[in-house]
Amino acid sequence: MGKRVGMEVSIAAAEVVGLCDVDVIAAYPITPQTHIVEHLSELVADGHLDAEFVPVESEHSAMSTCVGAAAAGARTFTSTSSQGYALMAEICYIASSLRLPIVMAVANRALSAPINIWNDHSDMMMARDTGWIQTVAENGQEVVDLLLHAYRVAEDPRVLLPVMVNLDGFTLTHMIEPIWLPDKDEVQRYLPPYKPQIRLDPRNPMTFGPVGMPEVYTEAKKAQDEAMNGALPVIVEAWQEFEKQFGRSYHPVETYKTEGAEILLLTVGSVSETAMTAVDKMRAQGRNVGLVRLRLWRPFPAKELVNVLKTAKAVAVVDRAMAFSTRSGPLCTEVKAALYDHGVSPYVQNYIAGLGGRDVTVEDFEMMAAKTSDGLAKGLPMGYEIVNVRE
Amino acid sequence: MGIAAEALKDFKGFNPKKLPEVEPLSPGHRACQGCGEILALRQVLKALGENVIVASATGCMEIVTSPFPQTAWRVPWIHVAFENAAAVISGVESAYKALNRKGRINQPDVVFLAYGGDGGTADIGLQALSGALERGHNFIYVCLDNEAYMNTGIQRSSSTPYGAMTTTSPPGKKSIGQRTWKKNVAYIAAAHGIPYVATASPAFALDLMNKVKKAAMIPGPAYLHIYSPCPTGWRHETDLAIEVARLAVQSKVFPLYEVIDGKWILSRKIAKPKPVSEYFKVQRRFRHLTEKDIEEIQRRVDEEYEELLRRCAMSGEPEKKEAEEAKED
């Protein structure tokens, strides 16, 4: 049986990766991801985890080492943040195109400049087109659960794509929370041993990563697109199996007090818990506000999202990164596209909040809901606002 | 006795009369006519045999051997990117270590080879190479040095020799061509204190293959810097690759040596060196140089060779004479 422990979320993340019996961990330190790989290195050093810990000289090499190890048939793990992600991004594209089931935890952090080590979603958003499956945790328990889920999905022969588990830097990575940690038997029941279908093996030589001429490149990308879209039902199925075994349920799009709500807040990540408190407060005041949380960022669950947004009159989309787009953050751009595709057109207001570690408070969410409601009533143009900017 | 010397106790060289028949790198690839690099790579693979996994950097040898759906590789081969062959092979080697230890596979004798051109080694890949050497993975890194970015159209690299013409180091009224002296990656590799470093040339095939075999026998990282003539980029006749490679050695431009457990050993002493001008003459990339330029280059080539001799003398290892070596080749 597993146990309930009080534990820093990063330590719990490392513990569950250890329970997944990874074979190769490649690691380069970057704040605020460091505690995850530090603890993994301890597990290896103390003999609790039989794995190769490869202390590489850069994040670029961390992902390259994971690619080599995964291609050789090993279960692999790495973790990064922000600038580190930016450095490894080149190889992230290749990891997904080579269909290697690597799992990576991204401790979400702002990108330079100005240099800033605190939390926002700039790295997660930069990673959105790399062909990785991306899930997002709201608390420590979810980090543990989603990492376990990540290996199960990545290694499913119907998927074979790398998975990124996003957790907010500091606000999650450095928090001590009560966490239910599964034991080895439970993990093994959920996660079968990794059996690669093909691997780098002199007894059965294969060429990995050949040149793709114009006649084949498009087809290769189409195959990848199909794999990504085809992953959605497998991701859901793996969550259903998870719920059966562990009792905790996950969905691509999750809702909180959305019944009959006219105004919906849409959030991603740990800030959702603050938003829940705000919703509780507003509901108590008789305001018809609900919350939608995006659990799965890639593949983008457009249909599921539109299904919950379509009954609302207005949606306040809370982005935690910039896109320099059509007056819209990266999440909101995608949400609007999904709504348009499905012929649904609620009033959408976009808020860019919590950049570079700026707090997003209960009052902020109340303000966003109120402004959205006001904009809807007055017929103000849809657009976006960077909240709490000191002018 | 050092790690390498211990591993090489019972070393037997290839027999010139009976070379391995195995061709892990098959014919039918798309290298340019007269390519010296593919010859060198073929010799490397023949020496290693078939129990090998290869990681390739982006470059000529990657492009010409793997246009999907064709492949020239009869052994497992992976290409990921330009600058990370050493990091990729680190992962492959680590995976084999873990999987063997955990009993999930039983393949303890696989050889791990990473190779790249001079751009992927001396420039963009130097960091990943240094990291992998420093971490001590059991692998061989081969730099196939054709002295420029040939795959993208002959642009200069830090391994392009002083004075050479490339498309980004063109000679002109205010330029001699390449303005910097060739970066010495073999010395850089040796400075990592790894058990085995060597230079080799496809013109001395047995020497090259024996060095590859040694690199495979020695545990830990091994670095081989292999001179790889490029008729397209160097503007020499397509039947002259081996001749050019031989002249580079005979003129002391590219001396052959080994560094075993930190001991420097000259592979062949050049008793009667040919002038650098003779080596330059067969290539059009140097034809703009004046006699004075060539004199200056000759002076520096001589100096560097003397420096190499000093290193070898300090290591106290016997030098092979040219004549003895010639018999072997």
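Rules and cut-offs
- Every residue gets a number counted from 1 within its own chain, in the order that chain's sequence is written.
- Starting at A for chains and at 1 for ligands, labels are handed out in the order in which the entities are written.
- In keeping with the predicted nature of the model, local features appear solely for residues at pLDDT of at least 70, side-chain atom pairs appear and are counted solely at 80 or more, and the whole-chain, interface and lining totals rest on all residues.
- With hydrogens and water excluded, all non-hydrogen atoms of the structure serve as input to the side-chain values.
- Secondary structure elements follow DSSP: runs of H or I of four or more residues count as helices, runs of E of two or more count as strands, with numbering from the N terminus.
- Only protein chains enter the calculation, and the probe is 1.4 Å; a residue is then buried if its accessible area is under 20% of its type maximum, exposed if over 50%, and partly exposed in between.
- By definition in these notes, contact holds between two residues if any of their heavy atoms fall within 4.5 Å.
- Computed with the Shrake-Rupley method and a 1.4 Å probe, the accessible areas treat only the protein chains shown as cover for residues.
- The charge count treats Lys and Arg as positive and Asp and Glu as negative. His and the chain ends do not count.
- Each charge is placed at NZ for Lys, CZ for Arg, CG for Asp and CD for Glu.
- For two strands to be treated as a pair, DSSP must find no fewer than two bridges joining them.
- Under this scheme, a helix contributes an axis fitted over its contacting stretch, all axes are lines through C-alpha atoms, and angles between N-to-C directions fall in the 0 to 180 degree range.
- Throughout, the accessible surface (probe 1.4 Å) given up by two parts as they are put together, summed over both, is called the buried area.
- Within this document, salt bridges are pairs made up of a side-chain nitrogen of Lys or Arg and a carboxyl oxygen of Asp or Glu, the two lying within 4 Å of each other.
- Polar contact is the term for a pair of N or O atoms within 3.5 Å; when the atoms are in protein, one must be able to donate a hydrogen and the other to accept it, and sequence-neighboring residues count only if both atoms are side-chain atoms.
- Any residue that is not Ala, Val, Leu, Ile, Met, Phe, Trp, Tyr, Cys, Pro, Asp, Glu, Lys or Arg is counted as polar, Gly included; the first ten are nonpolar and the last four charged.
- Buried Ala, Val, Leu, Ile, Met, Phe, Trp, Tyr and Cys residues form a nonpolar core when they are joined through side-chain atoms within 4.5 Å.
- In this analysis, the expected span of each helix is defined as 1.5 Å times one less than the number of residues it contains.

**What to know about the overall build of chain B**
And step 1. Looking only at helices and strands, chain B features 13 helices and eight strands.
And step 2. For chain B, the spread of C-alpha atoms along the three principal axes comes to 65 × 50 × 40 Å.
And step 3. Buried residues in chain B amount to 57% of all 329 residues.
And step 4. Long-range pairs, those at least 24 residues apart, make up 72% of the contacts in chain B between residues at least 6 apart in sequence.
And step 5. Of the roughly 13,500 Å² that chain B leaves accessible, carbon and sulfur atoms contribute 52%.
And step 6. In chain B, 42 positive and 38 negative side-chain charges are present, and the distance between their average locations comes to 2 Å.

**A word on the sheet that holds strand β6 (residues 222–227) of chain B**
And step 1. Overall, mixed pairing links the nine strands, which are arranged β9(A)-β2(B)-β1(B)-β3(B)-β4(B)-β6(B)-β5(B)-β7(B)-β8(B) in an open sheet. Looking along the sheet, the strands with just one partner apiece sit at the ends: β9 (207–208) of chain A together with β8 (263–266) of chain B.
And step 2. The sheet contact formed by strand β3 (residues 111–117) of chain B and strand β4 (residues 140–145) of chain B spans five bridges and is parallel. Directly across from Leu113 of chain B, in β4 of chain B, lies its bridge partner Ile140 of chain B.
And step 3. Each of β1 (52–56), β2 (77–79), β3 and β4 of chain B is contacted by helix α4 (residues 85–101) of chain B, which is oriented at about 175 degrees to β3 of chain B, the strand it contacts most.

**Notes on the interface of chain B and chain A**
And step 1. Contact with chain B, which involves 43 residues of that partner, is made by 41 residues of chain A.
And step 2. Each partner contributes to the roughly 3,200 Å² buried at the junction of chain B and chain A, and carbon and sulfur atoms together form 58% of this total.
And step 3. Ranking the residues of chain B by area buried against chain A places Phe68, Lys102 and Arg135 of chain B at the top, with a combined share of 16%.
And step 4. Counting across the interface, chain B meets chain A through seven salt bridges.
And step 5. The partner of Arg101 of chain B in a salt bridge is Glu52 of chain A, and the shortest N-O contact between them spans 2.6 Å.
And step 6. Along the contact surface separating chain B from chain A lie 24 residue pairs in polar contact (both at pLDDT 80 or more).
And step 7. Sorting the residues of the side of chain B that touches chain A by element identifies β1, α3 (60–65), β2, α4 and α6 (126–135) of chain B as the ones contributing at least two each.
And step 8. Here the side of chain B that touches chain A takes 12 residues from α4 of chain B, the largest share from any one element.
And step 9. Grouping the amino acids of the side of chain B that touches chain A by side-chain chemistry returns 22 nonpolar, 12 polar and nine charged.
And step 10. Across two bridges, the pairing between β9 of chain A and β2 of chain B is parallel. For Phe208 of chain A, the partnering residue across the bridge sits in β2 of chain B and is Ile78 of chain B.

**Quick notes on the nonpolar core**
And step 1. Met63 of chain A together with Leu45 and Tyr223 of chain B are the most contacted members of the largest nonpolar core, which has 140 residues in total.
And step 2. Of all the elements, α4 of chain B adds the most residues to this core, at nine residues.
And step 3. Setting aside chain neighbours within four positions, we find Met63 of chain A in contact with Thr78, Met88, Ile91, Cys92, Ala95, Ile102, Met104 and Trp132 of chain A.
And step 4. With 55 residues, the next largest nonpolar core counts Val22, Phe77, Val187 and Phe246 of chain A among its residues.

**Details of α4 of chain B**
All names here are of chain B.
And step 1. Between its first and last C-alpha atoms α4 spans 24 Å; for 17 residues at 1.5 Å apiece the expected length is 24 Å, and the two agree.
And step 2. By the criterion of burial, α4 is predominantly enclosed, with 14 of the 17 residues buried.
And step 3. Looking one or two residues past α4, Gly103 carries a phi angle of roughly 75 degrees, positive in sign.

**Observations regarding the sheet that holds strand β15 (residues 347–352) of chain A**
All names here are of chain A.
And step 1. Here six strands make up an open sheet; going across it, the order is β10-β12-β11-β14-β15-β16 and the pairing mixed. Either end of the sheet is taken by a strand with one partner, and the two such strands are β10 (253–256) and β16 (384–386). This sheet shows a mean twist of 20 degrees between the axes of neighbouring strands, independent of strand direction.
And step 2. Here strand β11 (residues 263–267) pairs with strand β12 (residues 289–294) via five bridges, running parallel.

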